[in-house]
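Structural overview for review
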Amino acid sequence: MKPIKTLLPFSRWMLRILVLAWLIMHNMSTIQGLDVHNPNFYIALGFVLFGLLLFAGGFSSKPGLTVISAIFLALLFIYKIYLNFIPEVTESQVISFMFLSISIYFLSSANK
């Protein structure tokens, strides 16, 4: 059985939309607190900002915006994994690794 290659652009847009939606839902309470003296505020703001840029990069014919936002999202997820690391498998770690892998996917494939 052959893969359905026509669904690939649809799945990429679904990934962009779902990453953005999850980042907004997960980080909006931290951003709305406006605690500018807390480093978590800037991390949450970075997640939402680069998620928006990843989404916007899909409308561009050039891959630059997608690649840059994917680099920063990957770095933020690595930082989050590092901060919350405990030597057992948790749901938070699995979700962070999943979004790290999505970021690396967009870093490697951009807008193809």
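The model shown is predicted, which means the values in this text are computed figures rather than measured ones.

Procedures and definitions
- Residues numbered from 1 in each chain as written.
- Predicted model: local features only at pLDDT ≥ 70, side-chain atom pairs only at ≥ 80, totals over all residues.
- Heavy atoms only, no water.
- Helix = DSSP H or I, 4+ residues; strand = E, 2+ residues; numbered from the N terminus.
- Buried < 20%, exposed > 50% of the residue type's maximum accessible area, 1.4 Å probe, protein only.
- Contact = heavy atoms within 4.5 Å.
- Axes fitted to C-alpha atoms, helices over the stretch in contact; angles between N-to-C directions.
- Parallel < 35°, antiparallel > 145°, perpendicular 65-115°, else oblique.
- Left-handed = near helix turned anticlockwise from the far one by under 90°.
- Nonpolar A, V, L, I, M, F, W, Y, C, P; charged D, E, K, R; others polar.
- Patch = residues over 30% accessible without salt bridge, like charges linked within 9 Å, V, L, I, M, F, W, Y side chains within 5 Å.
- Areas by Shrake-Rupley, 256 points an atom, 1.4 Å probe, with all protein chains shown as cover.
- Salt bridge = Lys/Arg side-chain N within 4 Å of Asp/Glu carboxyl O.

Attention now moves to the overall build of the protein chain. Along the backbone of the protein chain there are four helices and zero strands. For the protein chain, the α and β elements follow one another from N to C terminus as α-α-α-α. Viewed in the frame of its principal axes, the protein chain has a C-alpha envelope of about 50 × 35 × 20 Å. The proportion of buried residues among the 112 residues of the protein chain is 32%. Long-range contacts, defined here as pairs at least 24 residues apart, represent 63% of the contacts in the protein chain between residues at least 6 apart.

In this section: the packing of helix 3 (residues 64–83) against helix 4 (residues 91–109). Taken N-terminus to C-terminus, the directions of helix 3 and helix 4 make an angle of 155°; their axes are 8 Å apart at the nearest point. Between helix 3 and helix 4, the crossing angle belongs to the class labelled roughly antiparallel. When you trace helix 3 past helix 4, the crossing you get is left-handed. In this structure, helix 3 contributes T66, V67, A70, I71, L73, A74, F77, I78, K80 and I81 to the contact, and helix 4 contributes S96, F97, F99, L100, S103, F106 and L107. Looking at the contact of helix 3 with helix 4 residue by residue, the class counts come to 13 nonpolar, three polar and one charged.

Another point: the environment of T30. Among the structural elements, T30 can be located in helix 1 (residues 8–32). Separated by eleven residues in sequence, T30 and F41 place their C-alpha atoms 5.8 Å apart. When neighbours within four sequence positions are excluded, T30 is seen to be in contact with N40, F41 and A44.

Moving on, we come to the packing of helix 2 (residues 39–57) against helix 3. It is the contact of helix 2 with helix 3, at a shortest axis distance of 8 Å, that shows an interaxial angle of 150°. Relative to helix 3, helix 2 is oriented roughly antiparallel. Helix 2 and helix 3 meet at a crossing whose hand is left-handed. Within the contact between the two elements, helix 2 uses I43, G46, F47, F50, G51, L53, L54, A56 and G57 and helix 3 uses L65, T66, S69, A70, F72, L73, L76, F77, Y79 and K80. Taken together, the residues of the contact of helix 2 with helix 3 break down into 13 nonpolar, five polar and one charged.

Together, I4, L7, F10, M14, I17 and L18 make up a nonpolar patch on the protein surface, roughly 590 Å² of accessible area in all. Under the relative-accessibility criterion, F10 is labelled exposed at 53%.

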